[in-house]
Amino acid sequence: MNGREHQSKHQKKKRKKRDEEEQEQRKETPPTVTIAVPGSIIDNAQSLELATLLAGQIARAATVFRIDEVVVFDNKGRSSDVSEKTRVKNDDENEEGAPFLLRILRYLETPQYLRRPLFPIHKNLKYVGLLPPLDAPHHLRKHEWSPFREGITLERNPSNTTGTLVDVGLSKNVVVEQVLEPGIRVTVAMGTDRSLETDCLRKVVPPMSPREEGLYWGYKVRYASNISSVFKNSPFKGGYDHIIGTSEHGVKIKSSELVIPAYRHLLIAFGGLGGLEESIEEDSEMKGKGVNDVFHSYLNTCPLQGSRTIRTEEAIFISLQYFQEPINKAEQNKSLKESR
Ligand SMILES: C[S@@+](CC[C@H](N)C(=O)[O-])C[C@H]1O[C@@H](n2cnc3c(N)ncnc32)[C@H](O)[C@@H]1O
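Residues numbered from 1 in each chain as written. Predicted model: local features only at pLDDT ≥ 70, side-chain atom pairs only at ≥ 80, totals over all residues.

Where an unreviewed UniProt entry is consulted, the protein chain appears under the name RNA methyltransferase, with the organism given as Dioscorea zingiberensis. Under Sequence similarities (unreviewed entry), UniProt gives the following word-for-word description of the protein chain: "Belongs to the class IV-like SAM-binding methyltransferase superfamily." (UniProt positions renumbered as here; feature names shortened; annotations may be inferred.)

Given below as structure tokens:
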């Protein structure tokens, strides 16, 4: 082989490696959809039963429409997201607004077999049993097989020098190769060995792994003390790259004509009784800003409404259905571009 041939082979190899790395990177971050919802909607519910039902409807909408993240925001002037902790009350106290909604959303997203160890008894969970289950793909029954399972770490593997026992909701605990503290929720790649009788070591993987494989795996829940913190404190690298606000004052476009650009992390925001305009006005970090400065588009998703007001929980279902086709098209365009 002469020098030139050797160089071109080397370059080809390098290019192949770079392509593979790029492909891997893309696989690592599937596009995500976040919804932002005000915690104040809970305060308008007249009883604990009705507040629970309302929170359950949001959880159902998020699951039905494969939402990756739900942000519950307050309308506080200053941003300090740590205040969620200070607002979470003792077990025997009633929580209001955001802390209540966060608790119910997190509880419902958790597979049934993990709820008892992960959620201490709380007064505000009194009526969750009445809610329709989310029946999400990670809410697996004992007899069901799936390439991934959510689990809780137990003790160190007693029969081996390494590894940890994990309850993944099967008739027998599995062993993962990592050594982990007890009581942590983990995502376990189950591998190909379906037998629970062998010493097969499974693996704890990043929580996004099932999503990378195209499975919907529930939503994450986050607190934001005001609307600006919703945008600022995104857990996604690079933040949200397309942000939509919803309102009866928004632009009216047919769903089939709406074009959402190819995005990595889409955010759709919903307002409370006073709408998103009020949330922006009340946020001291957004002084002088209007909806057009905050959102890439501000849309009316139900232009022919018969009632004078659409409630937030209704608007979430209506809007997510309205956005379904444009979101699909945006995701298809993105994969097309990437495969070229
Ligand atoms: C009670 S409404 C607030 C009313 C307010 N005037 C507004 O901006 O729509 C609560 C939330 O429901 C959503 N919403 C209500 N009507 C809507 C519509 N026609 N199109 C899109 N979203 C709507 C918005 O997110 C709004 O902030």
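**Looking at the site of the ligand**
Around the ligand sit 20 residues, and of these Thr246, Ser247, Gly271, Gly275 and Ala315 come closest. If you list the elements that add at least two residues to the shell around the ligand, you get strand E9 (242-252), helix H8 (275-281) and helix H10 (312-339). In terms of residue count, the dominant contributor to the shell around the ligand is E9 (5 residues). (Near = placed C-beta within 6 Å. Helix = DSSP H or I, 4+ residues; strand = E, 2+ residues; numbered from the N terminus.)

**Here's the deal with the packing of helix H2 (residues 48-64) against helix H4 (residues 97-109)**
Relative orientation and spacing of two packed helices are given, respectively, by the angle between their axes and the distance between those axes. One can describe the packing of H2 onto H4 by two numbers: an axis separation of 9 Å at closest approach and a directional angle of 55°. With respect to H4, the axis of H2 lies oblique. When the axes of H2 and H4 are compared, the crossing they make is right-handed. Packed against H2, whose contacting residues are Ala51, Thr52, Ala55, Gly56, Ile58 and Ala59, the element H4 presents Phe100, Leu101, Ile104, Leu105, Leu108 and Glu109 at the interface. In terms of residue class, the contact of H2 with H4 is built from 9 nonpolar, 2 polar and 1 charged. (Axes fitted to C-alpha atoms, helices over the stretch in contact; angles between N-to-C directions. Parallel < 35°, antiparallel > 145°, perpendicular 65-115°, else oblique. Left-handed = near helix turned anticlockwise from the far one by under 90°. Contact = placed C-beta atoms within 7 Å. Nonpolar A, V, L, I, M, F, W, Y, C, P; charged D, E, K, R; others polar.)

**Section: the sheet that holds strand E5 (residues 174-176)**
Judged by pairing direction, the barrel is mixed, and its 5 strands sit side by side in the order E3-E4-E5-E7-E6 before closing back on the first. Each strand of the sheet is rotated relative to its neighbour by a mean of 55°, with strand direction disregarded. Direction of pairing for E5 relative to strand E7 (residues 201-205): parallel, over a ladder of 2 bridges. If you follow Val176 over to E7, its bridge partner there is Arg202. (Pairing = 2+ DSSP bridges.)

**Considering the confidence of the model for the protein chain**
Of all residues in the protein chain, 87% attain a pLDDT of 70 or more, and the chain-wide mean is 89. Under a pLDDT of 50 for its full length, residues 85-90 has, in the predicted model, 5 contacts with residues more than four places off or in other chains. (pLDDT = per-residue confidence, 0-100.)

**Some remarks on H2**
Compared with an ideal rise of 1.5 Å per residue, which puts 17 residues at 24 Å, H2 spans 24 Å between its outermost C-alpha atoms and is within 8% of the ideal. Listing the buried residues of H2 in full gives Ala51, Thr52, Leu54, Ala55, Gly56, Ile58, Ala59, Ala61, Ala62 and Thr63. Once H2 finishes, Arg66 follows within two positions and takes phi at roughly 55°, a positive value. (Expected span 1.5 Å × (residues − 1). Buried ≥ 20, exposed ≤ 12 C-beta atoms within 10 Å, placed from the backbone.)

**Brief notes about the nonpolar core**
By size, the foremost hydrophobic cluster in this structure holds 58 residues, and its most contacted members are Ala55, Val70, Val72 and Leu105. Of the residues forming this core, the biggest block, 8 residues, is contributed by H4. Contacts of Leu105, omitting those with residues within four sequence positions, involve Ala55, Ile58, Ala59, Val70 and Val221. Grouped together as the second largest cluster of nonpolar side chains are 11 residues, Ile152, Val166, Val175 and Val176 included. (Core = buried A, V, L, I, M, F, W, Y, C linked by C-beta atoms within 7 Å.)

**Some words on the pairing of strand E2 (residues 69-73)**
Burial analysis of E2 places 5 of its 5 residues in the buried class, which makes it a mostly covered element. Going residue by residue along E2, you find Glu69, Val71 and Phe73 tucked away on one face and Val70 and Val72 tucked away on the opposite face as well. Taking the sense of rotation as the criterion, the β-α-β connection linking strand E1 (residues 32-38), H2 and E2 turns out right-handed. Bridge analysis of E2 against strand E8 (residues 220-224) gives 5 bridges, and the strand direction is parallel. Each bridged residue has a counterpart across the sheet, and for Phe73 the counterpart in E8 is Ala224. (Right-handed = clockwise from strand over helix to strand, strands pointing away.)

**Here's the deal with unusual backbone geometry**
Of note in this structure, Arg66 is not a glycine but carries a positive phi near 55°. Tracing the chain through its elements places Arg66 in the loop between H2 and E2.

**Looking at the pairing of E7**
As defined by bridge partners, strand E6 (residues 185-189) adjoins E7 across 3 bridges and the pair is classed as antiparallel. Looking across to E7, one finds that Ala189 is bridged to Lys203.

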